[in-house]
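# Residue-level structure breakdown
Given next are the chains, with one letter for each unit.
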Amino acid sequence: MRPGLTFLLGSLALAATPLAMAQGANLTVPKSVEAGNAFSIQSAGSGKGTLYIIGPGDLLKRDVQLGETTSFPSGALYNAGHYLVILAGGSSTENASFDVVPASQPANLSFLAKPSRLQVGLHNGITGSVYVFDAYQNLVSAPTPVSFELTNPAGEVQKRTVTTHDGSAWTEMDSTAKEGADRFVARAGGVSGARVIGQVPGDPCGLKMNAQQQGQQILLETAPVRDCSGNAVPDGTIITFTETYDGAESTVDAPLKRGIAKVAMPAHRGARISIASGVVMGNEIRWEK
Amino acid sequence: MSKGLLLAVSLGAATVALVAMGTMWPIPAAAAYAGGGSLLRSSSTPEAAVQNLGDEIRMNAWQKAYDSLANKAQFTEPQFVHDLTGTYPSLRTYATLENFDVQPLHASTDEAEMRMNLHWSSVVGAFTSTRDVHVVRNGDRWEAEWPIEKEPVLPPQVIPVNYLRWDVIYRGAGDDWGAQDVEAPHVRIVDMHPVQRAEGVVILGELLNEDVVPAYVSVTATLQSKSGATIETEGSFDRISHILLPKQVTPFFINFPDRTLSEVGSVRMTPLSQLVPASADPVIEIQDERLNPAPDASLTGQLSNQSGQVVNVAHVLATFYDKNGQVVWVADQYIDRALLPQTPVPFSIHIPEDLARKVSTERTVTSSYSSGGTQ
């Protein structure tokens, strides 16, 4: 039964395609309908007929009395797109078409904020993209203003307003000098979406260590490690201590714990001890004791 | 058809004949492995005594091996077994002795020195350990004295550790496609250098985790011809430290066997990173790193586990630079013994002879694997 119906509808649609854009002489349809709204179709003539409405993802079939108005309630059609109307009555077939357009009022935002974590102080480092949808998940293609707000933990706000084009809008923001979780909000027509952007410290800056004798060893300890904006570099960051002596070398990759890194290395007279983190070099100590 | 039948009959007859011969006159090794005999020969010479010991070790016949030793009063059988397989689980525990060779170093009428090269096979490749065995005459027999290396016994103690660890909560399967997920760690290739070697093209380089979170990393390289066509894609496999803590740098080594640099127009590098749970411990100090010149050029040193946790398998990766700071080689070694806290374990990484003269400096990193977690 179903394949038969599909075949019938397909045949009707194919037969009617060349005339799809034409308004049938005995069929009056609205030019466009907002997704989810009620609408009606007026037919002319007398007798009984069958009305088909075929569109993207929707198919409606009604037995109608020709010459009367057929009403469709709210929510009958909600997928935006171009719809074909076919009225089959007696030996004749009438056809017409209309558009179901997205509701003008945004109901949902898909908000993509990238990256979710970045270093402080990066110009245009944060990107926010918004896709505006109506209540039926149709992309709202009409130009819609979207406001973007990025608020850092200190309460400083960056604002941008962008009008959507073909349903989407995007902007770029700077990461600020202060580490912490920024709140990134996009708003359109009373609907909003929020994301959290983690601003993390940059590379260590002014990396410095101190050394002191501890028995047969040198105890090496960094000063609290901070980036160039003064943010504390997070624990777990690797600090590499390298001691060079008598043609040999000792190395330790030590993680920061409670803001500092410390290790004990063998004491060798005349040894040179350097410190680094990633590609950043720190100070160097010559051990003469 | 008749020729085929003749061939089948001939093969069947030959098979039956060979099975019968093998059953009636088996080779000694087959008989030994079938439990019907012994591979061991009379220990009438120092070489035979050491060969017998090696065969017993290979067959895991620990009691026989221990009983054959001249100096067994100096240690117990479990200590002997632990010397060979490790007290704590390590690469050695899961390795098998593939074969061994014996070289005489010195011999007199009553004693001899023999060098045993034990070739082990493991999941990360083959490794060799060398023992110099003293052999003594006992009547008409020779007996080996095992050079026991007792693992140090750590005194009971408490080592306080500020346990630093990252855990990750990923997005849920039901989340909207626009919902945020945790950002993959930001990693960067800070150096890359293709090298032509006799065995093919090698890509050497270094990768930096420039993020504040740990990363599981790998690198793939794609060789492209001068016309832009893809020649081959390879990954770094295990010649890289896969877990990189924040601001940590690892070398990588990608091998393209049987390729020549002349056919390569460009190389496309793809670093991959994934946010993973990780621990900042244990910390391993690399002590007394020395570049030893040719012949037998090598990098030697010692690993010292500064944490209280036993490290079961350690992997040492060395990057060698020329005087201009250019990477000229990357080599590695797995340590076959567990790293006990505060107990140095030596390592030795071979440097190819033709590159040894170019090497000016080096940089060594370690990655470690402990049962119940990795770092």
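Details of the structure are given in the entry above.
The following refers to the structure shown. No experiment lies behind these values; they were computed from the predicted model shown.

### Some points on the interface of chain B and chain A
The partner chain A presents 29 residues to the 27 residues of chain B that form the contact. For the side of chain B that touches chain A, the secondary-structure elements that each account for two or more residues are β14 (284–292) and β19 (361–370) of chain B. Here the side of chain B that touches chain A gets 6 residues from one element, more than from any other, and that element is β14(B). The sheet contact formed by strand β22 (residues 248–255) of chain A and β14(B) spans 4 bridges and is antiparallel. By the bridge assignment, V252(A) is partnered in β14(B) with E285(B).

### With respect to the sheet that holds strand β1 (residues 27–28) of chain A
Residue and element names in this part refer to chain A. Across the sheet, 3 strands lie side by side as β1-β3-β6; this open sheet has antiparallel pairing. Of all the strands in the sheet, the pair left with one neighbour each is β1 and β6 (69–72). Bridge count between β1 and strand β3 (residues 39–43): 2 bridges; the pairing is antiparallel. By the bridge assignment, L27 is partnered in β3 with S43.

### A word on the pairing of strand β16 (residues 313–321) of chain B
All names here are of chain B. By the criterion of burial, β16 is predominantly enclosed, with 8 of the 9 residues buried. Bridging between β16 and β19 involves 9 bridges; their strand directions are antiparallel. What sits directly across from Y321, in β19, is T361. Direction of pairing for β16 relative to strand β17 (residues 327–335): antiparallel, over a ladder of 8 bridges. Across the sheet, V316 pairs through a bridge with Q333, a residue of β17. Hairpin connection of β16 to β17: 5 residues between the antiparallel strands, including G325 at a positive phi of 85°.

### Examining helix α3 (residues 46–58) of chain B
All names here are of chain B. The end-to-end C-alpha distance of α3 is 18 Å, a good match for the 18 Å that 13 residues give at a rise of 1.5 Å each. Of all 13 residues in α3, 10 are buried, a share of seventy percent or more. Among the structural elements, α4 (62–67), α5 (77–85), β1 (96–107), β2 (111–122), β3 (125–138) and β4 (141–145) are those in contact with the buried residues of α3. Two residues or fewer after α3 comes N60, characterised by a positive phi angle close to 55°.

### Comments concerning the sheet that holds strand β11 (residues 249–257) of chain B
Residue and element names in this part refer to chain B. Taking strand neighbours across the sheet as the criterion, the 3 strands line up as β6-β7-β11 in an open arrangement whose pairing is antiparallel. Both edges of this open sheet fall to β6 (187–197) and β11, since each of them pairs with a single strand only. Each strand axis lies, on average, 20° off the axis of its neighbour in the sheet, ignoring direction. Alignment of strand β7 (residues 200–209) against β11, held across 9 bridges, turns out to be antiparallel. Among the inter-strand pairings, I203 is bridged to a residue of β11, identified as I254.

Calculation notes
- Residues numbered from 1 in each chain as written.
- Chains lettered and ligands numbered in written order.
- Predicted model: local features only at pLDDT ≥ 70, side-chain atom pairs only at ≥ 80, totals over all residues.
- Contact = placed C-beta atoms within 7 Å.
- Helix = DSSP H or I, 4+ residues; strand = E, 2+ residues; numbered from the N terminus.
- Pairing = 2+ DSSP bridges.
- Buried ≥ 20, exposed ≤ 12 C-beta atoms within 10 Å, placed from the backbone.
- Expected span 1.5 Å × (residues − 1).
- Axes fitted to C-alpha atoms, helices over the stretch in contact; angles between N-to-C directions.

Nothing here speaks to function; it is geometry throughout.
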